[in-house]
Amino acid sequence: MKWNAELYDDKHAFVFQYGESVLELLEIKPGERILDLGCGTGHLTNEIKNNGAEVIGIDASADMIAKAAKTYPGIDFRVADAADFHFDEPFDAVFSNAVLHWVHKADDAIKCVYDSLKTSGRFVAEMGGKGNNAHILATTRQVLEKRRYPHLAIKKPWYFPSMGDYITRLENAGFRVTSAIHFDRPTLLQDGRDGVAKWLNMFGDTFFEGVDETEQEQIVAEITDLLEPYYNINGNWYIDYVRLRFVALREN
Ligand code: BEZ
């Protein structure tokens, strides 16, 4: 997936704005060494630093890391895969906001996090949980099927696990999960109905691979019309976000 760092910061700032409340769960103590896993354009990484921690931000997207490093030159940002990373010096905590649903190799990612933590280190994260984006996903698939793109309709760009699924994986890896919550968070899209196209453009481009631009616009307009009864509330458009949030401790 190719990330558009400008569109992300401009129209999807809610991703890191909502992440602020996840940061509170991290309860940073000055001097702690913290990893921001999937740091994107680095805004929350910078907040972690401003709370007195020594922080490293990693992200799979070189474009995101380039923008983060330009915006916050004093922070150590690196390109790395969430399911395949290693640090010699362990962390007091690993933080991750709105990233783990992109990581299909969940057990590999959880193992990398576990191995990178000190004993009693914290893993604090929020991701899309079961039911996330259910309307936009079902509608996109329905329109792609109708237009004879069944190979696109079956794509699964994200992994939205249930609480039982993810917590079991964490426990199997050796974590003790001290809190977890799975909750609805309807999220305001910027630019009203145009927000659907912008969201699909930013996050869902894999569904439109090989579709020419004109037909893509028609498909997105059709999806938007079908979503209107669910997403348009008095002129404001809300996408159906469902979050899974947890705090887990490395036991040994
Ligand atoms: C999310 O944060 O839930 C999300 C973001 C982009 C694509 C899918 C889900």
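Up top you'll find the structure we're talking about.
Computed from a predicted structure; not experimentally measured.

The rules behind these values
- Residues numbered from 1 in each chain as written.
- Predicted model: local features only at pLDDT ≥ 70, side-chain atom pairs only at ≥ 80, totals over all residues.
- Heavy atoms only, no water.
- Helix = DSSP H or I, 4+ residues; strand = E, 2+ residues; numbered from the N terminus.
- Rg over C-alpha atoms; globule rule 2.2 N^0.38 Å.
- Buried < 20%, exposed > 50% of the residue type's maximum accessible area, 1.4 Å probe, protein only.
- Contact = heavy atoms within 4.5 Å.
- Areas by Shrake-Rupley, 256 points an atom, 1.4 Å probe, with all protein chains shown as cover.
- Lys, Arg positive; Asp, Glu negative; His and termini not counted.
- Charge placed at Lys NZ, Arg CZ, Asp CG, Glu CD.
- Arc of directions from axis to C-beta.
- Salt bridge = Lys/Arg side-chain N within 4 Å of Asp/Glu carboxyl O.
- Expected span 1.5 Å × (residues − 1).
- Bend = angle between axes of the 7 residues up to and from the residue.
- Pairing = 2+ DSSP bridges.
- Near = heavy atom within 4 Å.
- Polar contact = N/O pair within 3.5 Å; in protein donor to acceptor, adjacent residues only side chain to side chain.
- Nonpolar A, V, L, I, M, F, W, Y, C, P; charged D, E, K, R; others polar.
- Phe/Tyr/Trp six-rings, centres within 6.5 Å; stacked < 30°, edge-to-face > 60°.
- Lys NZ or Arg CZ within 6 Å of the ring centre and 35° of its normal.

On a plain count of helices and strands, the chain comes out with 10 helices and 10 strands. In terms of overall size, the chain behaves like a compact globule, its C-alpha atoms giving a radius of gyration of 19 Å where 252 residues would be expected to give roughly 18 Å. The dimensions of the chain, computed from C-alpha atoms along their principal axes, are 50 × 40 × 35 Å. Taken across its 252 residues, the chain has 55% of its residues classed as buried. Relative to all contacts within the chain whose residues are 6 or more apart in sequence, the contacts with residues 24 or more apart total 76%. Of the accessible surface of the chain, which amounts to about 11700 Å², a share of 48% is contributed by carbon and sulfur atoms. One finds the centroid of the 27 positive side-chain charges in the chain at a distance of 2 Å from the centroid of its 39 negative side-chain charges.

Three- or four-residue spacings in an α-helix give side chains the same orientation, since the helix completes a turn every 3.6 residues. Residues of helix α8 (residues 163-172) that are buried include every one of Y166, I167 and L170, and no others. Here the buried residues of α8 occupy an arc of 95° about the axis, which is enough to place them on one side. Elements in contact with the buried residues of α8: α5 (106-116), β5 (117-128), β6 (175-184) and β10 (242-250). Within two residues after α8, G174 carries a phi angle of roughly 110°, on the positive side.

Moving on: the pattern of salt bridges. In the structure shown here, the tally under the stated rule is 20 salt bridges. With a shortest N-O distance of 2.2 Å, E222 and K146 are connected by a salt bridge. Remark: K146 occurs in helix α6 (residues 134-146) and E222 occurs in helix α10 (residues 213-231); sequence separation between them is 76 residues. Residue classification places K146 among the exposed positions, given a relative accessible area of 55%.

Moving on: helix α2 (residues 14-26). An ideal rise of 1.5 Å per residue puts 18 Å on 13 residues; α2 measures up with 19 Å between its terminal C-alpha atoms. The largest bend in α2 amounts to roughly 35° and is located at E20. Burial in α2 covers these residues: F14, V15, F16, G19, V22, L23 and L26.

Another aspect to go through is the pairing of strand β9 (residues 236-239). A one-sided burial pattern is seen for β9, the buried positions being W237 and I239 and the unburied ones N236 and Y238. One ladder, built from two bridges, connects strand β7 (residues 187-188) with β9; its direction is antiparallel. Residue pairing for β9: L188 is matched across the bridge by Y238. For strand β8 (residues 232-233) and β9, the ladder comprises two bridges, and the chain directions are antiparallel. In the strand pairing of β9, N232 is matched with W237. Linking β8 back to β9 in an antiparallel pair, the connection comprises two residues, with N234 at a positive phi of about 50°.

In the vicinity of the ligand, the residues found are A98, H101, W102, G128, N132, N133, W158, F160, W199, F203, Y241 and R243. One of the side-chain N or O atoms of N132 is found 2.7 Å from an oxygen atom in the ligand. At a separation of 2.6 Å, an oxygen atom of the ligand approaches a polar side-chain atom of R243. Within the complex, the protein chains bury 98% of what would otherwise be the 260 Å² of accessible surface of the ligand. A class-by-class count of the residues in the shell around the ligand yields seven nonpolar, four polar and one charged.

On inspection of all chains with the given rule, the structure shows 13 aromatic pairs. Pairing W158 with F207 gives two aromatic rings, centres 6.1 Å apart and planes at 65°, and the pair type is edge-to-face. Pair noted here: W158 is in the loop between α7 (150-153) and α8 and F207 is in the loop between α9 (194-203) and α10, with a separation of 49 residues, a long-range link. Accessibility classification places W158 together with F207 in one group, the buried group. Between Y159 and Y166 the ring centres are 6.2 Å apart and the planes differ by 40°, which places this aromatic pair in the tilted class. Like Y159, the residue Y166 is buried in the burial classification. Members of the aromatic cluster, joined through ring pairs, are W102, W158, F160, W199, F203 and F207. Positioned above the aromatic ring of F91, the side-chain terminus of R33 is 4.2 Å from the ring centre.

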